[in-house]
Amino acid sequence: MNQHHDRLVVPFEELRMRDVDSVGGKNASLGEMISQLAHAGVRVPGGFATTARAFRGFLAHSGLVERIAQRLEQLHVDDVTALAACGSEIRHWIESAPLQEELEREVREAYQLLQADAAEPISVAVRSSATAEDLPEASFAGQQESFLNVVGIDEVLVRIRQVFASLYNDRAIAYRVHQGFAHAEVALSAGIQRMVRSDRGAAGVMFTLDTESGFEGVVFITSAFGLGETVVQGAVNPDEFYVHKAMLRENRRAVIRRRLGSKLQRMEFASPPEQRTSTHASVCVVDTEPDQRNRFSILDDQVLELARFALIIEEHYARPMDIEWGLDGIDGRLYILQARPETVKSRAQGKQLRYQLKRTSEVLASGRAIGQKIGSGRVRVVPDAGQMHLVERGEVLVTDMTDPNWEPIMKRAAAIVTDRGGRTCHAAIIARELGIPAVVGCGNATEALREGDLVTVSCAEGDTGYIYRGLLETEVSEVEAGHMPPIAVKLMMNVGNPQLAFDFAQLPNDGVGLARVEFIINNDIGIHPKAILGYPHLDPELKVAVESAARGYKSARDFYVQRLAEGVATIAAAFWPKTVIVRLSDFKSNEYRKLIGGSRFEPEEENPMLGFRGATRYLSADFQEPFALECEAMRLVREEMGLSNVEIMVPFVRTVEEARQVVERLAQHGLVRGSGARPDGSCGLKLIMMCELPSNALLADDFLVHFDGFSIGSNDLTQLTLGLDRDSGLVAAAFDERDPAVRFLLSRAIRACRSQGKYVGICGQGPSDHPDLAQWLVDEGIESISLNPDTVVDTWQMLARG
């Protein structure tokens, strides 16, 4: 029950969540954390809040209650011009009215108590907290104002009136109408909170789930130098970090993915608090120095401390949370500035729709994907907010940066594209809530996209969103993620793109039967490992390419190992504690040549499919150091990050002697068969061999001496058994995994594994394409079938029907 309904001003430490109707969710949450979570180490700056009674008393004292109600009564909020005029007039009334005497006196007393603890003039933030804001049923985030670096009681009193007025921002008025809130039922509380000196440090936002997929196994953190408003507003492209909750609880190095943002600008105090007067600007935006742009804004230890705070807060509130934080550059400590329930993904229920392009075209721009959907339409470039009314329904809105003021017209757009912004900015949050795909932080979209062009905006391909030329055909399917009937085989997935792993993990599955590292090396690294190892002794062009890619990492070598480890760890964390079988790189020489620098190091082979690949490459003296990098990444995932659900698979092993040598070579690099412990406590690292050559099946018992099981690669096994090139259209019709010769070898491999009590699965395309083959494999005794994610549900249901 609210203990403060008759008070005008309440210190944060006396507030609890029960006071939400008096001081709003934001301020009630600050009080809750200060009083309930300080013992757990969560630091929250102190302050005080005005109450809903104070706000309503102010309106009554000024004679504004009926004037405002009458002004709003005739308003049509979808008329943007009328909305702007109405909001402006009401805000002027409120900002011009004096606070009631009792409220002003109590604010002065509370501010004096805050100042008494400090030797020098303090700086505070004055923020709004609506009594309906941050409730689980509605996301009011950012609809009212925040004022930073406010110094002196006179400025505080002015800012409080401006905060009160912000309840009638255009976007807030429109939002209440669309969400069904009566204007008079929503009151405003002003929170006055001591500033954290993140102007000298860094700040950002974190969520206790992945904002795009809703996957709850991670904490997602964004960060940039300076005050956090640039991140919240979408003015910068911030650094991003993912932390795996399960490994964090085990005190492991649980940062499983990081991405360096451009961080072109930062917000700082315009002048120190002790030098400020009310006539000076409180904050300013300056360009970030190049050395700061090229490094992460917080260290891994700070990322982990923030994630621990996030876990404590989430466990206290028992729901996913959206949290703002700041790193004080003077005392070096991390602070929590706000915490509210995450309101979009946690409200999503029922069947999910999956969007997929039937084909692609020329990429005109790319950035951070928001929303996992696809939209298309005619481009409308809007230079500034003054022209946003020009956007017509179904157009693709393209602008430098949107903020919540644009909300009334954003819902008209088929998609939104911006030059600036990150995945936790207000514009991204609103786009998610409206269900509109958005690509933010493109850098050059307003130049690359021309007014009137027809484009397709795809946010369905992972973290990166693409704007393609033309209107492309999209396939939309329903995804059933509920309870599945029991079947006699494990159905696993083939996963190559780590950026889709969180999404795929929510489908029915028994783990990952094939995690390919080639996608990670191609897309997240992009540089040949020998160019990495040869740095800095490279030609100038290649040297610059390596330096550009490795920004933010300790060295080029560290970049390669960390990026590879992060990609694998993202897949392993998504499916934890289920088994994830990671196939070591199986690039052919022609594929390696496509990497930056690849043509300098790779031979030109007549038939790469049968050439320098797989175990032969790993054992070659010429490839020893690159193979060592790969092994180092796998050890990092298993030993430091703690993701012991990772098993390692060796591809294309031609002979039994190669099998013996490659296992020995892996052990030399610290990947010892049987070492460590698995998530279920059983014996440790398992080494699996890809059974994809006829020799593997014919001498299965001999190969299994060195490995813990087979994963059958039916694609290569079929083409090598039938002597045909599966990429050749001239003989493609003869390619069939159900051919009697192929079945003979499949059966032989399965029986050898079963007789020795070892794992046997299949990860080729065959079972996805041919349900009858899948059923035959089950009858033969296959332990698992690993499928492309889009075929898992259908295959599962087919096998359940028998």
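Cut-offs and rules
- Residues numbered from 1 in each chain as written.
- Predicted model: local features only at pLDDT ≥ 70, side-chain atom pairs only at ≥ 80, totals over all residues.
- Heavy atoms only, no water.
- Helix = DSSP H or I, 4+ residues; strand = E, 2+ residues; numbered from the N terminus.
- Rg over C-alpha atoms; globule rule 2.2 N^0.38 Å.
- Buried < 20%, exposed > 50% of the residue type's maximum accessible area, 1.4 Å probe, protein only.
- Pairing = 2+ DSSP bridges.
- Axes fitted to C-alpha atoms, helices over the stretch in contact; angles between N-to-C directions.
- Contact = heavy atoms within 4.5 Å.
- Parallel < 35°, antiparallel > 145°, perpendicular 65-115°, else oblique.
- Nonpolar A, V, L, I, M, F, W, Y, C, P; charged D, E, K, R; others polar.
- Disulfide = S-S within 2.5 Å.
- Salt bridge = Lys/Arg side-chain N within 4 Å of Asp/Glu carboxyl O.
- pLDDT = per-residue confidence, 0-100.

S.K.: Is there a simple way to explain the overall build of the protein chain in this structure?
M.R.: The helix and strand inventory of the protein chain stands at 31 helices and 30 strands. In summary, the protein chain has a C-alpha radius of gyration of 29 Å against a globular reference of 28 Å for 802 residues, a match within 12%. Projecting the C-alpha coordinates of the protein chain onto the three principal axes gives extents of approximately 95 × 55 × 50 Å. Within the protein chain, the proportion of its 802 residues that are buried is 59%.

S.K.: Any chance you could explain the sheet that holds strand β3 (residues 124-130) here in plain terms?
M.R.: Strand pairing in a sheet relies on backbone hydrogen bonds. The paired strands run either parallel or antiparallel. Spatial ordering of the open sheet is given by β1-β2-β5-β3-β4, a layout of five strands whose pairing is antiparallel. For this open sheet the edge positions go to β1 (9-11) and β4 (146-150), each flanked by a neighbour on one side alone. Neighbour-to-neighbour, the strand axes of this sheet turn through a mean angle of 20°, independent of strand direction. Where helix α1 (residues 20-36) meets the sheet, it contacts β2 (47-50), β3 and β5 (188-194), and its direction lies at approximately 130° from that of β3.

S.K.: So what exactly am I meant to see when it comes to the packing of α1 against helix α11 (residues 300-317) here?
M.R.: Helix packing geometry: the angle between the two helix axes and the distance between the axes. It is the contact of α1 with α11, at a shortest axis distance of 12 Å, that shows an interaxial angle of 105°. Between α1 and α11, the crossing angle belongs to the class labelled roughly perpendicular. In contact with Ser29, Glu32, Met33 and Gln36 of α1, α11 contributes Ile313, His316 and Tyr317. Here the residues of the contact of α1 with α11 sort into three nonpolar, three polar and one charged.

S.K.: For this particular structure, what's the right way to read the state of the cysteines?
M.R.: Two cysteines joined by a covalent bond between their sulfur atoms form a disulfide. Taken as a whole and judged by the stated rule, the model has zero disulfides. Here Cys691 is not disulfide-linked; the sulfur of Cys753 is the nearest cysteine sulfur, at 7.3 Å.

S.K.: How do you make sense of the pattern of salt bridges when you look at a structure like this?
M.R.: Under the defined criterion, the tally for this structure stands at 50 salt bridges. For the salt bridge of Asp154 with Arg108, the shortest nitrogen-to-oxygen distance reads 3.7 Å. Placement of Asp154 in helix α6 (residues 153-165) and of Arg108 in helix α5 (residues 101-116) is noted, with a sequence separation of 46 residues between them. Relative accessible area serves as the criterion here: at 33%, Arg108 is assigned to the partly exposed category.

S.K.: So what exactly am I meant to see when it comes to helix α7 (residues 170-179) here?
M.R.: In an α-helix, one turn spans 3.6 residues; hence positions three or four apart end up facing the same way. Among all positions of α7, only Arg171, Ala172, Ile173, Ala174, Tyr175 and Arg176 are buried. Where α7 terminates, the next one or two residues include Gly180, which has phi positive at roughly 80°.

S.K.: So what exactly am I meant to see when it comes to the environment of Ala413 here?
M.R.: Structurally, Ala413 can be placed in the loop between α12 (407-410) and β18 (415-418). Considering only alpha carbons, one finds Ala413 and Val151, 262 residues apart in sequence, at a separation of 41 Å. Among residues more than four places away in sequence, those in contact with Ala413 are Glu395, Leu397 and Ile436.

S.K.: Which parts of the structure should I look at to understand the confidence of the model for the protein chain?
M.R.: Taken as a whole, the protein chain shows an average pLDDT of 90; of its residues, 94% reach a score of 70 or greater. For residues 133-142, every residue scores under 50 in pLDDT, and the model assigns this stretch 34 contacts once sequence neighbours within four places are set aside.

S.K.: I tried to follow the sheet that holds strand β16 (residues 374-381) on my own but got confused; where do I start?
M.R.: Taking strand neighbours around the barrel as the criterion, the seven strands line up as β15-β19-β18-β17-β16-β20-β21 in a closed arrangement whose pairing is mixed. In this sheet, neighbouring strand axes are inclined to one another by 35° on average, regardless of whether the strands run parallel or antiparallel. With four bridges connecting them, strand β17 (residues 396-399) and β18 associate as parallel partners. By the bridge assignment, Val398 is partnered in β18 with Val417.

S.K.: Before we go on, may I ask you to explain the environment of Ser589 in this structure?
M.R.: Its location among the elements puts Ser589 in helix α20 (residues 589-592). Among the residues examined, Ser589 registers a relative accessible area of 1% and is labelled buried. Between the C-alpha atoms of Ser589 and Met609, which are 20 residues apart in sequence, the distance is 8.7 Å. Ignoring any residue separated from it by four or fewer positions in sequence, one finds Ser589 in contact with Glu602, Pro603, Glu605, Pro608, Phe612 and Arg617.

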